[in-house]
Amino acid sequence: AVFTQPLDVLGKRKQRITVADKGVSLAQEKYELAKRQVTQNVSLSYWGARGAQEKCDLLKATGENFQKIVDYQAAQLSVGAISEQDLLRVRLEGERLKIAAGLAVIEATRARVQLLKEMGQSDFPEVLLTEPLDANNAAIEPTEIGQVLALRIEVKAAHAAVEEARANMRFQDVSARPDLSILYGFKRVQIVDAPAGVSTAAAGVQITIPITDRNQGNRAAANAEGRRQQQLLAATEAEVRADYFSALQEYQLRRIEVFETLQPLREHARTISEITQAAYAQGGMELLRLLDAERARLDAELAYVQGMTEYQQSVSNLQAAEGVAP
């Protein structure tokens, strides 16, 4: 009976533990990255669903208000104040609004389902999104790129992968060292023509010296993996830089578009619509001018809603590019 006990006195055990620790750190960073990506997808889907809901409500309200014009034109026709052609034009516009409202309901439903899907829901009930569409109006100042690189989970995960590769390189180098073991045994030998056997205790030290096999293949593979992870880290940092500057530029352009173009356009269209309706009620405006003013107001409202939706999504993209949770 022989007992053998390997002695890990040359650093192999320590390096194995280090490699395992670096692997755990990398797994944690990847987990945080997955969480951040889910949060970003939910944020983008939310604002898409919120904008679709706003469009649906806007078209529904516009259709209800326009129905009053249709009823008024029908009353005017009954007393002979307008021609039947004018009533048909108004009804055609009302039908167009109904069709647009129906399409908006389909779009809002699709966006709501996508939001619930990103949230991991297994059922898709009716929900009311209450976050104001014009939230996050405060301007976001640019962030130093060094701070962005320090906050982005992708860069942290790439650094963790580099550290794991370096730990594996050191482990493969250590694996080429000799193995040391101690031996202890008990041996009983039966001697010929002896009345009893002889018991012998044995102890010794065993050293395995790598002469031809110095783990060259694994060491070369580990070194290549270390260089690959270093290049991936550089690529990740370059991608983060490009992502941040792209998101920042998009945010700035969206903000200018919403607050300097779409918002004044919306207010002007509302003013023109109110003036046109008042003038038409007094008989000083043609029906076609009224319809054009209503179309322009609706187009301006829809453009504002679309612009605000894309602006909110650009805010979410910028926060994600900065490494800040939405």
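That block above? That's the structure.
Anyway, here's the lowdown on the structure attached to this text. (Residues numbered from 1 in each chain as written. Predicted model: local features only at pLDDT ≥ 70, side-chain atom pairs only at ≥ 80, totals over all residues. Heavy atoms only, no water.)

What follows deals with the sheet that holds strand E2 (residues 179-189). An order of E1-E2-E3 is seen for the three strands of this open sheet, with the pairing classed as antiparallel. Both edges of this open sheet fall to strand E1 (2-7) and strand E3 (198-208), since each of them pairs with a single strand only. Averaged over neighbouring strand pairs, the angle between their axes works out to 10° when direction is ignored. Of the pairings in the sheet, the one linking E1 to E2 comprises six bridges and is antiparallel in character. The residue bridging Gln 5 from the neighbouring strand is Ile 182, located in E2. (Pairing = 2+ DSSP bridges. Helix = DSSP H or I, 4+ residues; strand = E, 2+ residues; numbered from the N terminus. Axes fitted to C-alpha atoms, helices over the stretch in contact; angles between N-to-C directions.)

This part is about the environment of Leu 77. On the secondary structure map, Leu 77 appears in helix H1 (residues 12-78). The class for Leu 77 is partly exposed, based on a relative accessible area of 27%. Sequence separation between Leu 77 and Leu 87 is 10 residues, and the spatial gap between their C-alpha atoms is 7.2 Å. Leaving out residues up to four positions away in the same chain, Leu 77 has contacts with Ile 82, Ser 83, Glu 84 and Leu 87. (Buried < 20%, exposed > 50% of the residue type's maximum accessible area, 1.4 Å probe, protein only. Contact = heavy atoms within 4.5 Å.)

As a further point, take H1. End to end, H1 covers 99 Å across 67 residues, agreeing with the expected 99 Å (1.5 Å per residue, within 8%). At the exit of H1 stands Gly 80, carrying a positive phi of roughly 80°. (Expected span 1.5 Å × (residues − 1).)

Moving on, we come to unusual backbone geometry. When glycine is set aside, most residues are seen to have a negative phi, and most peptide bonds are trans. Even without a glycine there, the phi angle at Asn 136 is positive, about 60°. Along the chain, Asn 136 falls in the loop between helix H2 (84-118) and helix H3 (145-151). Overall, Asn 136 belongs to the partly exposed group, its relative accessible area being 39%.

Attention now goes to the packing of H2 against helix H6 (residues 287-322). For the pair H2 and H6, the least separation of the axes is 10 Å and the interaxial angle reads 10°. In terms of orientation, H2 and H6 fall into the roughly parallel class. When H2 is examined against H6, the residues Asp 86, Arg 89, Val 90, Glu 93, Arg 96 and Leu 97 are found in contact with a partner set consisting of Leu 287, Leu 288, Leu 291, Arg 295 and Leu 298. Class assignment of the residues belonging to the contact of H2 with H6 gives a composition of six nonpolar, no polar and five charged. (Parallel < 35°, antiparallel > 145°, perpendicular 65-115°, else oblique. Nonpolar A, V, L, I, M, F, W, Y, C, P; charged D, E, K, R; others polar.)

A few words now on the packing of H1 against helix H4 (residues 153-174). Helix-helix packing is characterised by the crossing angle of the two axes and by the distance between the axes. It is the contact of H1 with H4, at a shortest axis distance of 8 Å, that shows an interaxial angle of 165°. When the interaxial angle is binned, H1 and H4 end up roughly antiparallel. The way H1 lies across H4 gives a crossing that is left-handed. The residue inventory of the contact of H1 with H4, partitioned by class, reads 10 nonpolar, five polar and 11 charged. (Left-handed = near helix turned anticlockwise from the far one by under 90°.)

So, on to the side chain of Gln 172. Tracing the backbone shows Gln 172 in helix H4. Apart from the residues lying within four places of it in its own chain, the contact partners of Gln 172 are Asn 215, Asn 218, Arg 219 and Ala 222.

On to the side chain of Gln 53. Looking at the element boundaries, Gln 53 is found in helix H1. When its relative accessible area of 13% is taken as the criterion, Gln 53 is described as buried. Contacts of Gln 53, omitting those with residues within four sequence positions, involve Ala 108, Val 127, Leu 128 and Leu 129.

Here the focus is the pattern of salt bridges. According to the stated counting rule, one finds 18 salt bridges in the structure shown. Here Glu 225 ties to Arg 228 by a salt bridge, and the two come within 3.1 Å at their closest N and O atoms. On the criterion of helical spacing, the pair formed by Glu 225 and Arg 228 is a turn pair, its members being three residues apart in helix H5 (residues 216-281). On the basis of relative accessibility, which here comes to 44%, the residue Arg 228 falls in the partly exposed class. (Salt bridge = Lys/Arg side-chain N within 4 Å of Asp/Glu carboxyl O.)

Our focus in this paragraph is the packing of aromatic side chains. Inspection of the entire model under this criterion finds four aromatic pairs. Residues Tyr 46 and Trp 47 carry aromatic rings whose centres are separated by 5.4 Å and whose planes lie at 85° to one another, so their mutual orientation is edge-to-face. Here Tyr 46 matches Trp 47 in class, with each residue buried. In this structure an aromatic cluster arises from ring pairing among Tyr 251, Phe 259 and Tyr 311. (Phe/Tyr/Trp six-rings, centres within 6.5 Å; stacked < 30°, edge-to-face > 60°.)

For the rest of this paragraph, the subject is H5. Compared with an ideal rise of 1.5 Å per residue, which puts 66 residues at 98 Å, H5 spans 92 Å between its outermost C-alpha atoms and is within 8% of the ideal. At Val 258, H5 shows its maximal kink, close to 35°. One or two positions beyond H5, positive phi appears at Gly 283, with a value near 80°. (Bend = angle between axes of the 7 residues up to and from the residue.)

Another point: the pairing of E2. Where E2 and E3 come together, 11 bridges link them in antiparallel fashion. Bridge pairing in E3 links Lys 187 to Thr 200.

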